[in-house]
Amino acid sequence: MMRLLFLGDLVGRAGRTAVIVIGTDQGLCGPINREIVAAAVEWCSVHDLESERRVIVALGLRAARELETAGFQPDQIVELPGSVEAITRVVDDLVVRIDGWRSELDVSRVVVAFQHPIQRTQRSTRMFQVIPPDSCDIAGKQGHVVHHVLRAKKWRFLFVAS
């Protein structure tokens, strides 16, 4: 069953921030997890997010270990999918969790830290604010595209599976 969450309810609230750190549990990937965690830690520092104002979620056990090493104890750890077919289930679960955090943990902002491939051997660490989309403080070209699409009022609701 799908239900609608009005994004306007989230804009302007001063609740907690959920920082979702998407890592990898594959071996031989170099410092990917460390770089993603470093970006998330720096983002929290720049935005003055003390531990009581944030919820840290690690996708992947290696990302969780890197967070702990950096002094950020993950509030939740989500196991990464073991196959392409399992990705949908993990994403659906994460969307339901995000919706629950709104009422259970007073989360009003969700930010994702991840690595984006540029070329075969090059990647870029990114921070992307998912909610609220109207107050984007996103770095990079993607943020501007999302910002303008949302400003054009094409997207007003977040569909949440329940």
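Residues numbered from 1 in each chain as written. Predicted model: local features only at pLDDT ≥ 70, side-chain atom pairs only at ≥ 80, totals over all residues. Heavy atoms only, no water.

Our focus in this paragraph is the overall build of the chain. Secondary structure summary: the chain contains 4 helices and 7 strands in total. Listing each helix as α and each strand as β along the chain from the N terminus yields β-β-α-β-α-β-α-β-β-α-β. Counting the 162 residues in the chain, one finds 37% classified as buried. In the chain, of all internal contacts separated by at least 6 residues, the share reaching a separation of at least 24 is 61%. Accessible area of the chain: about 9,700 Å², with a carbon and sulfur share of 55%. (Helix = DSSP H or I, 4+ residues; strand = E, 2+ residues; numbered from the N terminus. Buried < 20%, exposed > 50% of the residue type's maximum accessible area, 1.4 Å probe, protein only. Contact = heavy atoms within 4.5 Å. Areas by Shrake-Rupley, 256 points an atom, 1.4 Å probe, with all protein chains shown as cover.)

Right, let's get into the pairing of strand β2 (residues 16-22). With respect to burial, β2 is a largely interior element, 5 of its 7 residues being buried. As judged from the 6 bridges shared by β2 and strand β5 (residues 107-119), these two strands associate in the parallel manner. Within β5, the residue paired with A18 across the bridge is V110. Pairing geometry for β2 and strand β3 (residues 54-59), over 6 bridges, is parallel. Its bridge partner lying in β3, V19 is registered against I56. (Pairing = 2+ DSSP bridges.)

Right, let's talk about the sheet that holds β3 for a bit. Strand order in the open sheet formed by 5 strands is β4-β3-β2-β5-β6, with mixed pairing between adjacent strands. Of all the strands in the sheet, just β4 (76-78) and β6 (122-131) have a single pairing partner and so form its edges. Across the sheet, the mean angle from the axis of one strand to that of its neighbour is 20 degrees, orientation sign disregarded. Contacting β2, β3 and β4, helix α2 (residues 61-69) crosses the sheet at an angle of about 140 degrees to β3. (Axes fitted to C-alpha atoms, helices over the stretch in contact; angles between N-to-C directions.)

A word on the pattern of salt bridges. Applying the stated rule across the entire model yields 2 salt bridges. Between E35 and R123 there is a salt bridge, with its nearest N and O atoms 3.6 Å apart. Residue E35 is found in helix α1 (residues 32-46), and its partner R123 is found in strand β6; the two are separated by 88 residues along the sequence. (Salt bridge = Lys/Arg side-chain N within 4 Å of Asp/Glu carboxyl O.)

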